[in-house]
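# Structural overview for review
Each chain, letter by letter, is given below.
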Amino acid sequence: MAVVGWESCLHYCDRRKLAVVKEKGREIRFVNKGEKRVALYRVDGCLIQEGVKCDFLS
C-alpha cells in the first residue's frame, strides 16, 4: 500500500466550531461545541493512493 507524508494531505487542524466536508455535491457537518482541536486529512488519493479506502479522516 502506497502512503505519502501526512503533512501534504492535511486540510486543517484547529479549534473551529463547525467542521464541514464537501465532495461530489454532498456535505457533512460536525459541530464542535467544546472547541476541541480537530483535523481533516484527505485520505483517498493522498494519504493512501491505492486499494480500498475512505475519502476523508477527521
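First things first, this report covers the structure right here in the doc. Residue positions are given per chain, counting from 1 as you read along its sequence in written order. Owing to the predicted nature of the model, reporting of local features is limited to residues with pLDDT of at least 70; listing and counting of side-chain atom pairs is limited to 80 or more, with chain, interface and lining totals taken over all residues. As a convention, hydrogens and water are excluded, and side-chain values are obtained from all of the structure's heavy atoms.

## Things to note about the overall build of the protein chain
A helix here means a DSSP run of H or I that spans at least four residues, while a strand means a run of E at least two residues long, and both kinds are numbered starting from the N terminus. Helices and strands together make up the secondary structure of the protein chain, namely zero helices and five strands. In the protein chain, the succession of helices and strands from N to C terminus is β-β-β-β-β. Within the protein chain, buried positions represent 21% of all 58 residues. Only the protein chains shown count as cover for residues, and all accessible areas are computed by the Shrake-Rupley method using a 1.4 Å probe. About 4,500 Å² of surface is accessible on the protein chain, with carbon and sulfur atoms providing 53% of the total. Any residue under 20% of the maximum accessible area for its type is buried, any over 50% is exposed, and the rest in between are partly exposed; the area is computed with a 1.4 Å probe on protein chains only.

## Considerations on the pairing of strand β2 (residues 18-23)
Here a strand pair is declared whenever DSSP counts at least two bridges between the two strands. Bridge analysis of β2 against strand β3 (residues 26-31) gives six bridges, and the strand direction is antiparallel. Across the sheet, residue V20 finds its bridge partner in β3, namely R29.

## Let's talk about the pattern of salt bridges
For this document, the term salt bridge refers to a Lys or Arg side-chain nitrogen within 4 Å of an Asp or Glu carboxyl oxygen. All chains considered together, the criterion is met by five salt bridges. The partner of R16 in a salt bridge is D14, with the nearest N and O atoms 2.8 Å apart. The exposure class of R16 is partly exposed, given its relative accessible area of 30%. Its relative accessible area of 24% is what places D14 among the partly exposed residues. Measuring nitrogen to oxygen at the nearest pair gives 2.6 Å for the salt bridge that ties E27 to R29. Shared partners join several salt bridges into a network, and the residues in it are K22, E27 and R29.

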